[in-house]
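A look at the structure
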Amino acid sequence: QRLPIVSTVNRSVGGDDKESLASIRRNSPFRYASQNRMVTHADYSNLILRNYGSLINDIISWGGEDNLIPEYGVTFVSIDFKESQGVTSDQQKVIEDTAKSNIRVLVDQLSIASFALKYTDPIDTFIESNVFFQYNPDYTNLSINTLQENVKNIMNVYYSGNIGKFGQAYRASQLLRLIDDVSPAILSSRVETKMQQRIYPSSGVEQDFSFAFPASIQSPDDVTTVVQSSIFKRTFAGQLLNCRIENELKTDTTTGRRLQIVDTASGDIKVDNVGSYDAGAGTVSLVGFKSNTNDSIKLSVTPANASAIVPTREYILKHDTTRLSAKGIRTTSSN
């Protein structure tokens, strides 16, 4: 007997990739939320994910008493939504807004206490890493270029497996341990780490921006540039210049936190005061900032403690693959 021939007429939609073991271990507790009611902030995450998990990459909830500015009687929820395939940004926003409205209805049905629900968007903070390692060429047949590429590959492996979700921390010691294991020729390594967020300007418009990083920022001194942006274009006296934001190099805690706009070609200060940063609070403020393009600008800061960056609440750590480098330094030492 001949088997029937099955032909696909229309591709299926709305499915998802096969779930990994790590994802199953992380999400399985959410599938069995007890008693189907929202009492603790963990119950909010569990039951929301159980009902809307197909739309969500990750979720975190916390009580208002644990917020940066305490707000009692409130449960905060931050949701990292999956990006739907084949939809525009406007359509994606509609999907997310609809899900949030439906979640409010779910909360009204299952919440035992009369807590208000507030959404806060995830804050992406990108990690920049420059690795330097000493190697002895007598211990390997690999070229320096190959060693450097292998180190960069293992850096990407570390970041892909250890950050990208709420509550996942960056630890330099774990990264360096992996790098030291790349080859017996690598005898030691160190990493320079920065935190980065993005400015999205409107061309030719003066705007105010505020940024809050998940860790404290290094205090100012007269040597180190603690806050620095990528290059952007700004018109001065009819001339379009390549400029950067940089903090003033001063040990004084007031003026050293002042941000300036500098012409990258001449080093001249074009705007003496365009904002400031608060080292302890981990915040950066720009006042009346203007760029003459709509291109995004990367704003990088040096953390006070570069050995570990541990995000809380709505912060998610990611890594900038364009700001990841590895440089080998030759040595004749055997240890």
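Structure first, text after, so check above.
Figured I'd write up the structure that's included with this text. (Residues numbered from 1 in each chain as written. Predicted model: local features only at pLDDT ≥ 70, side-chain atom pairs only at ≥ 80, totals over all residues. Heavy atoms only, no water.)

1. A short note on the pairing of strand 12 (residues 269–278)
Looking at chain direction, strand 11 (residues 258–263) and strand 12 are connected through four bridges and run antiparallel. Paired with Val262 across the two strands is Ile269, which belongs to strand 12. Here strand 11 hands over to strand 12 after five residues, with Gly267 in that stretch at a positive phi of 80°. In the sheet, strand 12 pairs with strand 13 (residues 283–289) via four bridges, with the strands oriented antiparallel. The residue bridging Gly275 from the neighbouring strand is Leu286, located in strand 13. The hairpin turn running from strand 12 into strand 13, its antiparallel successor, is four residues long, and Gly282 in that turn takes a positive phi close to 70°. (Pairing = 2+ DSSP bridges. Helix = DSSP H or I, 4+ residues; strand = E, 2+ residues; numbered from the N terminus.)

2. Some points on unusual backbone geometry
Here Ala237, not a glycine, exhibits a phi torsion of approximately 50°, which is positive. Inspection of the secondary structure puts Ala237 in the loop between strand 9 (232–236) and strand 10 (239–247). With a phi angle near 50°, Arg313 is a residue other than glycine that sits in the positive phi range. Along the polypeptide, Arg313 turns up in the loop between strand 15 (308–309) and strand 16 (315–330).

3. Description of the layout of surface pockets
By volume, the second largest pocket is sized at about 450 Å³. Lining the second largest pocket are 18 residues, with Ile79, Asp80, Phe81, Glu96 and Pro122 positioned closest to its centre. Residue assignment for the lining of the second largest pocket shows that the elements contributing at least two residues are strand 2 (74–81), helix 3 (89–110) and strand 16. A per-element tally of the lining of the second largest pocket places strand 2 first, with five residues. (1 Å grid on protein atoms, 1.4 Å probe; cavity = no way out; pocket = protein on both sides within 12 Å on 5 of 7 lines; lining within 4 Å. Points joined across faces, edges and corners; volume = space filled by probe spheres on them.)

4. With respect to the packing of aromatic side chains
One pass over the structure, following the stated rule, counts eight aromatic pairs. Ring geometry for Tyr158 and Tyr170: centres 6.4 Å apart, planes at 75°, overall edge-to-face. Here Tyr158, found in helix 4 (residues 144–162), pairs with Tyr170, found in strand 5 (residues 170–171); they are 12 residues apart in sequence, far enough to count as distant. For Tyr170, a relative accessible area of 0% gives the class buried. Aromatic side chains Phe232 and Phe289 sit 5.1 Å apart centroid to centroid with 70° between the ring planes, which places their arrangement in the edge-to-face category. Taken together, the residues span a long stretch of sequence, with Phe232 in strand 9 and Phe289 in strand 13 at a distance of 57 residues. For the pair Phe232 and Phe289, one class covers both residues: buried. Here the aromatic cluster, defined as three or more aromatic residues joined through ring pairs, consists of Phe209, Phe211, Phe232 and Phe289. Above the face of the Phe236 ring, Lys270 is positioned so that its terminal group lies 5.6 Å from the ring centre. (Phe/Tyr/Trp six-rings, centres within 6.5 Å; stacked < 30°, edge-to-face > 60°. Buried < 20%, exposed > 50% of the residue type's maximum accessible area, 1.4 Å probe, protein only. Lys NZ or Arg CZ within 6 Å of the ring centre and 35° of its normal.)

5. Here we look at helix 5 (residues 172–180)
Among the residues of helix 5, Ala172, Leu175, Leu176 and Ile179 are the ones counted as buried. Each buried residue of helix 5 lies within a common arc of 95° when the element is viewed along its axis, so the set occupies one face. Of the surrounding elements, those touching the buried residues of helix 5 are strand 4 (123–135), helix 4, strand 5 and strand 6 (186–199). (Arc of directions from axis to C-beta. Contact = heavy atoms within 4.5 Å.)

6. Examining the packing of helix 4 against helix 5
Orientation of helix 4 relative to helix 5, taken along the N-to-C sense of each, is 140°, at an axis distance of 9 Å. Crossing of helix 4 against helix 5: the hand is right-handed. On the side of helix 4, the interface is formed by Val151, Ile154, Met155, Tyr158, Tyr159 and Asn162, while helix 5 contributes Gln174, Leu175, Leu178 and Ile179. Taken together, the residues of the contact of helix 4 with helix 5 break down into eight nonpolar, two polar and no charged. (Axes fitted to C-alpha atoms, helices over the stretch in contact; angles between N-to-C directions. Left-handed = near helix turned anticlockwise from the far one by under 90°. Nonpolar A, V, L, I, M, F, W, Y, C, P; charged D, E, K, R; others polar.)

7. Looking at the pattern of salt bridges
Under the counting rule described, the total for this entry stands at 11 salt bridges. The closest approach of N and O atoms between Lys100 and Asp121, which form a salt bridge, is 3.6 Å. Linking Lys100 in helix 3 with Asp121 in the loop between strand 3 (116–119) and strand 4, this pair joins segments that are 21 residues apart in sequence. Among the residues examined, Asp121 registers a relative accessible area of 52% and is labelled exposed. (Salt bridge = Lys/Arg side-chain N within 4 Å of Asp/Glu carboxyl O.)

8. Some points on the environment of Lys298
Within the secondary structure, Lys298 is located in strand 14 (residues 297–301). Take Lys298: its relative accessible area is 18%, and that puts it in the buried class. C-alpha separation for the pair Lys298 and Arg198, spaced 100 residues apart in sequence, amounts to 4.7 Å. Discounting residues that sit within four places of it in the chain, Lys298 has contacts with Gln196, Gln197, Arg198, Gln228, Ser229, Ser230, Asp320, Thr322 and Arg323. Of the polar contacts made by the side chain of Lys298, one reaches the side chain of Thr322; its length is 2.9 Å. (Polar contact = N/O pair within 3.5 Å; in protein donor to acceptor, adjacent residues only side chain to side chain.)

9. Some points on the sheet that holds strand 3
The sheet built from three strands is open, its strands ordered 1-2-3 with mixed pairing. Among the strands making up the open sheet, the edge pair consists of strand 1 (56–63) and strand 3. Across this sheet, the average inter-strand angle for adjacent strands is 25°, counted without regard to direction. As defined by bridge partners, strand 2 adjoins strand 3 across four bridges and the pair is classed as parallel. Residue pairing in the sheet places Val74 in a bridge with Ala116 of strand 3. Along the sheet, helix 2 (residues 41–52) makes contact with strand 1 and strand 2, crossing strand 1 at roughly 155°. Along the sheet, helix 3 makes contact with strand 2 and strand 3, crossing strand 3 at roughly 160°.

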